[in-house]
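This is what each chain is made of:
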Amino acid sequence: MVNEFNNYSKKNNLNITMNLVLFSNQNSTFITKDYELTLETLLNKESKKYDLIIYDVVYTPKLGSYFLDLNKYLQKDHIEMYNSQILSTISLYNDEIVGLPIILDLNFLFSNKDLLNKYEKSIPTTWNELLETAIYILEKEKKLNNTDIIGYNGLFSYKELGSVSLFEYIYSYRETINSTFPEIKSQNVINALETLKKLKNEISSEWMFKSDMLTTLQYSMDGKFLFYKFSVSESPKYIKSLIPGYKKGISGSSIGGYNIGINKFSEVKKRDSIIKTYEFLTSKKVQKDLIMNYGINSGIRSLYDDEEVCKSVDCEIIKNIQLFRRPNFFSIDYDTYSQYFRIYIYEFLYGNKTAYEVLKKIDDITKIYKISIYGDNATIALISNISLFCIIIFMLLSVILLYCKKYKSYFNFLSNDFWFLTIIGIICILCPGILENGSRNTLKCELSLLFPTIGSTLILIPILHKLIVNFPEKNKFTIWITDHKFIFLFLFISIDIIQLLLLQNFYTIKQISPKVMGNFEICKLKNNIITYIDIISLTMLKVILLFIILLLIYIEWNLKKSYYDLRFTVLAIYTDILFLIILIIIKSLNITNYIYYYIINTLLYLIFSIFNYIILFFSRIIMTLLKKDNEEISFIKDVNKQFINNETSILSTKIDEMNDSQNQNIDLRYN
């Protein structure tokens, strides 16, 4: 293609020369699987070194952002030449066409026509037909002492080829032609694996299933296969057909091959020359030459209506092939997913694990675990949510005590409306624990910061307001705050909201992928200077606020009317500081168990909220009850004391009377 373009350029005076840089084991130190990483590293640096880049179609989701949207640079007719289904499968990135297929790899079933004709068998269209036909012919051939025939090749090696074969085979077990890739733990996939093991054990061997493409080529040239799956066949002994499926009419072939994209960082002044080169390489003429001369499949559908092309290839098979993309939409790190996918499947295919066991492990590769009453660990979520809501209801109902006469004197430190806002603030601190339920998203992340921030303001500002009101020296500032308490509160809430708005969209969702437990997601601030500045300023504001409150408490420490209130407030502040330290420590820990992560975070906010509630509010109720008990004890003591005094007085009177009587008798006797 390179020479052809350079000749074309020279002939048409384009003054463009194309140079091909080929990365291979001969001229580079990296192996094939590192090609994508090398490209990503290069493009991430906004390199202008290469204008046109050929890449494996499986990496479109990962590399697509580095290529130009071809809709903006190519004629509409040029793009529409290509099969729209193929483009939507391998060329789209965020609804932009970022590459056109220059080479397509498709797989087919090749059947030994001599053996099929010999035993009057047809080309199988389902896997069960293939199994039955192969068992029948192999048994017949064994009776003729022909033990060299292999029923099916498989191509289930431990390399990427094995993953392609597995994806392709499982895709053929979908319910209908229009169905998507089957759910990995579905009965269809279990049935697929059970049948695959039968194919290995009954018409092939473990060694053959694990073999690579070179072995398949050698055995096919020798005519030793009854059936084999491959992209091409060089032997005239075999006839090409669609890969069988779960049932008649269902098939499937993975789309492999290479796209060519335009580097978005290429020099703008060279852009016209780059576009002309690109149009040539992806033209109908070049694609036709690749089909005719090299047997390479093309994404231009109309070429398979060309009589000249159809003399070289079976156009009807190409038109009816049921294509799908390797499931790189499951995980952005396709290589890791693909590796574990085949390793786990092989624990069933070549080992002793059950199909369900290995499919569960595969599901865990990409499944995001979460605590939810509608999903995983519903019991934990149910207990947690019921507990949290019961506590919230209890806190709200306790506000009624503010209007009871016997409790009123113990809540004089704040006005009833400020006490209500304090309870709301305490409940806000509890809310991040509720947000731990269900799926993680950036809105939940922002709310998890919003609730504690606003909550702490609703707790601290009423206290600050009261301390300013009680300040011994009056001035215009303290008088204004006394008369405008809600404006004073709203001022601080506004500052919180402004700072939180600046943090909007600064959160990202980070996936934690432990080796033992399931994957889960956590909130993580984006790593940029603005985010850190805003977080620091938000923290410093709270620190300054606490410092001012503590300073005022120190000044007013001996005021009798707020003696206990100030001590409760100090205890609450020290508790909050301790909580913040514990929170920072926990957030820095690498917790890899999603259940532990949920429980720790939920309990942390719950304990913090309850401690604040007990210290600031409920302790006053306890004091009331204790005072009532003390009053009752004092009353009993007074009654007992009075009773004892009365008894003593009565006894004394009787003694006096007896003494008087005796004295009278003595007087009478002497007279």
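The structure this text deals with has already been given above.
The rules behind these values
Residues numbered from 1 in each chain as written. Predicted model: local features only at pLDDT ≥ 70, side-chain atom pairs only at ≥ 80, totals over all residues. Heavy atoms only, no water. Helix = DSSP H or I, 4+ residues; strand = E, 2+ residues; numbered from the N terminus. Rg over C-alpha atoms; globule rule 2.2 N^0.38 Å. Buried < 20%, exposed > 50% of the residue type's maximum accessible area, 1.4 Å probe, protein only. Contact = heavy atoms within 4.5 Å. Areas by Shrake-Rupley, 256 points an atom, 1.4 Å probe, with all protein chains shown as cover. Lys, Arg positive; Asp, Glu negative; His and termini not counted. Charge placed at Lys NZ, Arg CZ, Asp CG, Glu CD. Pairing = 2+ DSSP bridges. Axes fitted to C-alpha atoms, helices over the stretch in contact; angles between N-to-C directions. Parallel < 35°, antiparallel > 145°, perpendicular 65-115°, else oblique. Nonpolar A, V, L, I, M, F, W, Y, C, P; charged D, E, K, R; others polar. Phe/Tyr/Trp six-rings, centres within 6.5 Å; stacked < 30°, edge-to-face > 60°. Lys NZ or Arg CZ within 6 Å of the ring centre and 35° of its normal. Polar contact = N/O pair within 3.5 Å; in protein donor to acceptor, adjacent residues only side chain to side chain. Disulfide = S-S within 2.5 Å. Core = buried A, V, L, I, M, F, W, Y, C linked by side-chain atoms within 4.5 Å. Salt bridge = Lys/Arg side-chain N within 4 Å of Asp/Glu carboxyl O.

Colleague: Any chance you could break down the overall build of the protein for me, citing the residues and the numbers?
Modeller: Each helix and strand counted, the protein has 26 helices and twelve strands in total. Rg of the C-alpha trace for the protein: 41 Å, well past the compact-globule value of 26 Å for 671 residues, more than 25% over. The dimensions of the protein, computed from C-alpha atoms along their principal axes, are 165 × 70 × 40 Å. Considering the protein as a whole, with its 671 residues, one finds that 46% of them fall into the buried category. At a minimum sequence separation of 6, the contacts of the protein that also span at least 24 residues come to 70%. About 36400 Å² of surface is accessible on the protein, with carbon and sulfur atoms providing 58% of the total. Taken as two groups, the 72 positive and 67 negative side-chain charges of the protein have centres that lie 2 Å from each other.

Colleague: A description of the side chain of Ser47 should follow, citing residues and the corresponding values.
Modeller: Counting through the fold element by element, Ser47 comes out in the loop between helix H2 (35-44) and strand E1 (52-56). Beyond its immediate stretch of four places on either side in the chain, Ser47 contacts Leu42, Asn263 and Phe265.

Colleague: Break down the pairing of strand E6 (residues 227-230) for me, citing the residues and quoting the values.
Modeller: Taking every second residue as pointing to the same face, both faces of E6 are buried, with Phe227 and Lys229 on one and Tyr228 and Phe230 on the other. Across four bridges, the pairing between strand E5 (residues 108-112) and E6 is antiparallel. By the bridge assignment for E6, Leu109 is matched with Lys229.

Colleague: Summarise the sheet that holds strand E9 (residues 256-262); cite the residues concerned and give the values.
Modeller: If you walk across this open sheet you meet the three strands as E1-E9-E4, and the pairing is antiparallel. The open sheet has two free edges, formed respectively by E1 and strand E4 (100-105), since each of these has just one partner strand. On average, adjacent strands in this sheet sit at an angle of 20 degrees to one another, irrespective of strand direction. Here E4 runs beside E9; their pairing, made up of five bridges, is antiparallel. Bridge pairing links Leu100 to Ile260 in E9.

Colleague: Now, about the packing of helix H22 (residues 476-483) against helix H23 (residues 485-502): what can you tell me, with residues and values included?
Modeller: Following both chains from N to C, one finds H22 and H23 inclined at 95 degrees, their axes separated by 5 Å at the closest point. In terms of their interaxial angle, H22 and H23 are classed as roughly perpendicular. Residue-level contacts link Trp480, Ile481, Thr482 and Asp483 of H22 to Lys485, Ile487 and Phe488 of H23. The residue inventory of the contact of H22 with H23, partitioned by class, reads four nonpolar, one polar and two charged.

Colleague: Describe the packing of aromatic side chains, and please don't skip the residues or the numbers.
Modeller: Counting across every chain of the model gives 40 aromatic pairs. Their ring planes at 70 degrees and their centres at 6.4 Å tell us that Tyr152 and Phe209 sit as a pair that is edge-to-face. Of this pair, Tyr152 sits in the loop between helix H7 (127-143) and helix H8 (160-171) while Phe209 sits in helix H10 (residues 206-210), and the two are 57 residues apart along the sequence. Residue classification places Tyr152 among the buried residues on the basis of a relative accessible area of 3%. Centroid distance Phe418 to Phe486: 5.8 Å. Interplanar angle 75 degrees. Geometry classified as edge-to-face. Taken together, the positions of Phe418 in helix H20 (residues 416-435) and Phe486 in helix H23 put the pair 68 residues apart, joining distant regions of the chain. Overall, Phe418 belongs to the buried group, its relative accessible area being 2%. Classification of Phe486 as partly exposed rests on a relative accessible area of 42%. The side chain of Lys121 reaches across the aromatic face of Tyr136, ending 4.5 Å from its centre. Taking the ring centre of Phe108 as reference, the NZ or CZ of Lys240 above it sits at 4.4 Å.

Colleague: Outline unusual backbone geometry, listing residues and values.
Modeller: You will see that Asp95, though not glycine, has its phi angle at about 65 degrees, which is positive. Residue placement: Asp95 occurs in the loop between strand E2 (92-93) and strand E3 (96-97). Classification of Asp95 by relative accessible area gives exposed; the value is 71%. With phi around 60 degrees, Leu155 is a residue other than glycine that occupies positive phi space. Tracing the chain through its elements places Leu155 in the loop between H7 and H8.

Colleague: Tell me about the side chain of Ser266, residues and numbers included.
Modeller: By secondary structure assignment, the location of Ser266 is in the loop between E9 and helix H12 (271-281). The exposure class of Ser266 is buried, given its relative accessible area of 3%. Among the polar contacts made by the side chain of Ser266, one reaches the main-chain carbonyl oxygen of Asn263 at a distance of 2.8 Å. Here Ser266 is in contact with Asp51, Arg271 and Ile274, once residues within four sequence places are set aside.

Colleague: Run through the state of the cysteines, naming residues and quoting values.
Modeller: Put plainly, two cysteines are in a disulfide when a covalent bond ties their sulfur atoms together. One pass over the full model with this rule turns up two disulfides. Between the sulfur atoms of Cys310 and its disulfide partner Cys315 the distance amounts to 2.0 Å. Taking the sign of the S-S torsion, about -110 degrees here, the bridge from Cys310 to Cys315 comes out left-handed. Across the disulfide from Cys445 sits Cys523; the S-S distance is 2.0 Å.

Colleague: Please provide a residue-by-residue account of the nonpolar core, values included.
Modeller: In terms of nonpolar packing, the biggest core is built from 65 residues, with Phe411, Ile423, Leu464, Ile549 and Phe617 touching the most fellow members. Broken down by element, this core gets its largest block of residues, 13 residues, from helix H26 (residues 594-670). Residues Trp127, Tyr152, Ala192 and Tyr334 belong to the second largest nonpolar core, which totals 58 residues.

Colleague: So what's going on with the pattern of salt bridges? Which residues, and what values?
Modeller: Scanning the entire structure with this criterion turns up 24 salt bridges. In this structure, Glu175 engages Lys247 in a salt bridge whose closest nitrogen and oxygen atoms are separated by 3.3 Å. Of this pair, Glu175 sits in the loop between H8 and helix H9 (187-203) while Lys247 sits in the loop between strand E7 (238-241) and strand E8 (253-254); the two residues are 72 residues apart in sequence, bridging distant segments of the chain. For Lys247, a relative accessible area of 35% puts it in the partly exposed group. The salt bridge involving Glu347 is made with Lys353; its shortest N-O contact spans 3.5 Å. According to the relative accessible area criterion, Glu347 is partly exposed, its value standing at 22%. Beyond isolated ion pairs, a larger network of salt bridges with shared partners links Asp56, Glu160, Arg326 and Arg342.

Treat this as a map of the structure, not an account of what it does.
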